[in-house]
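Examination of the molecular architecture
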Amino acid sequence: MVVWRYSDPQDRVRDDFQRIVAEFDGDVEWAVDLSAENWVIMTQRLRREFARAAKGYVGVLSDLKNSDQEFCLQATADLSKLLQKIRNP
């Protein structure tokens, strides 16, 4: 998961992020959320796990890490490639 904030994002930047993530062909599915002040890119699976967790539960990432190391390795490899695409679209 990557979280960041632009002081004054342009619509083009927002559109580019959405397009790049939607078009990315990796080993896991990715989601982008640009609806709040902090922008987030995370795997679809992590997004679902956060949605299922009890409000305020902080162990979602640890639970996933401990239960499925193969998924975590795939997501880590994907994230590197995805960030490269964002840097050089």
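Sequence positions are assigned chain by chain, starting from 1 and proceeding in written order. The model is predicted, so local features are restricted to residues of pLDDT at least 70 and side-chain atom pairs to those at 80 or more, both for listing and for counting; the totals for chains, interfaces and linings are taken over all residues. Values reported for side chains reflect all heavy atoms of the structure, with hydrogen atoms and water molecules removed beforehand.

Concerning the sheet that holds strand S1 (residues 2-4)
- Strand order in the open sheet formed by three strands is S1-S3-S2, with antiparallel pairing between adjacent strands. In the strand order of this sheet, the two ends are held by S1 and strand S2 (30-33), each with one partner. Going across the sheet, the axis of each strand differs from the next one's by a mean of 10°, ignoring polarity.
- Pairing analysis gives four bridges linking S2 to strand S3 (residues 39-43), with the strands arranged antiparallel. Opposite Ala 31, over in S3, you have Met 42 as the bridge partner.
- Helix-sheet contacts for helix H1 (residues 11-23) involve S1, S2 and S3, and the interaxial angle to S3 is about 0°.
- A contact between two residues is defined here by any heavy atoms of the two lying within 4.5 Å. Here an angle of 0 to 180 degrees is reported between the N-to-C directions of two axes, which are lines fitted to C-alpha atoms, with helices fitted over the stretch in contact. Elements are defined by DSSP. Helices are runs of H or I of four residues or more, strands are runs of E of two residues or more, and each kind is numbered from the N terminus. Strands S2 and S3 of the sheet are contacted by helix H2 (residues 44-52), whose axis makes an angle of about 100° with S3. Two strands pair under a simple rule: DSSP has to find at least two bridges between them.

So, the pairing of S3
- Burial classes: relative accessible area under 20% of the type maximum marks a residue as buried, over 50% as exposed, and values in between as partly exposed (1.4 Å probe, protein chains only). A large share of S3 lies buried, amounting to five of its five residues.
- Alternating positions in S3 separate into two faces, Trp 39, Ile 41 and Thr 43 on one and Val 40 and Met 42 on the other, with burial throughout.
- In this sheet, S3 lies alongside S1 in antiparallel orientation, the contact comprising three bridges. Following the sheet pairing, Val 3 is matched in S3 by Val 40.
- Once S2 ends, the chain turns through five residues before running back antiparallel as S3.

Quick word on the pattern of salt bridges
- Think of a salt bridge as a Lys or Arg side-chain nitrogen and an Asp or Glu carboxyl oxygen that are within 4 Å of each other. Applying the stated criterion to the full structure yields six salt bridges.
- The salt bridge involving Glu 37 is made with Arg 5; its shortest N-O contact spans 3.5 Å. Separated by 32 residues along the polypeptide, Glu 37 in the loop between S2 and S3 and Arg 5 in the loop between S1 and H1 bring together distant segments of the chain.
- By relative accessible area, which is 47% here, Arg 5 ends up partly exposed.
- One connected set of salt bridges, linked through shared partners, spans Arg 12, Asp 16, Arg 19 and Glu 23.

Describing the nonpolar core
- Throughout this description, the term nonpolar core refers to a set of buried Ala, Val, Leu, Ile, Met, Phe, Trp, Tyr and Cys residues connected via side-chain atoms within 4.5 Å. Membership of the largest hydrophobic core comes to 22 residues, with the highest contact counts inside it found for Trp 4, Phe 17, Trp 30, Trp 39, Ile 41, Leu 82 and Ile 86.
- Counting residues per element, the ones that place at least two in this core are S1, H1, S3, helix H3 (60-67) and helix H4 (69-87).
- It is H4 that contributes the most residues to this core, five residues altogether.

Quick word on the packing of aromatic side chains
- Note on aromatic pairs: the rings of Phe, Tyr and Trp (six-membered ring only in Trp) are paired at centre separations within 6.5 Å, and the planes decide the class, stacked below 30 degrees, edge-to-face beyond 60, tilted for the rest. Summed over all chains, the structure comprises two aromatic pairs.
- Plain terms: the ring middles of Trp 4 and Phe 17 are 5.1 Å apart, the flat faces sit at 40° to each other, and that makes the pair tilted. Placement of the pair is Trp 4 in strand S1 and Phe 17 in helix H1, with a sequence separation of 13 residues. For the residue pair Trp 4 and Phe 17, the accessibility class agrees, reading buried in each case.
- On the numbers, 5.4 Å between centres and 75° between planes, the contact of Phe 17 with Trp 39 is edge-to-face. Separated by 22 residues along the polypeptide, Phe 17 in helix H1 and Trp 39 in strand S3 bring together distant segments of the chain.
- Classification of Phe 17 by relative accessible area gives buried; the value is 7%.
- Pairwise contacts between aromatic rings join Trp 4, Phe 17 and Trp 39 into one cluster.

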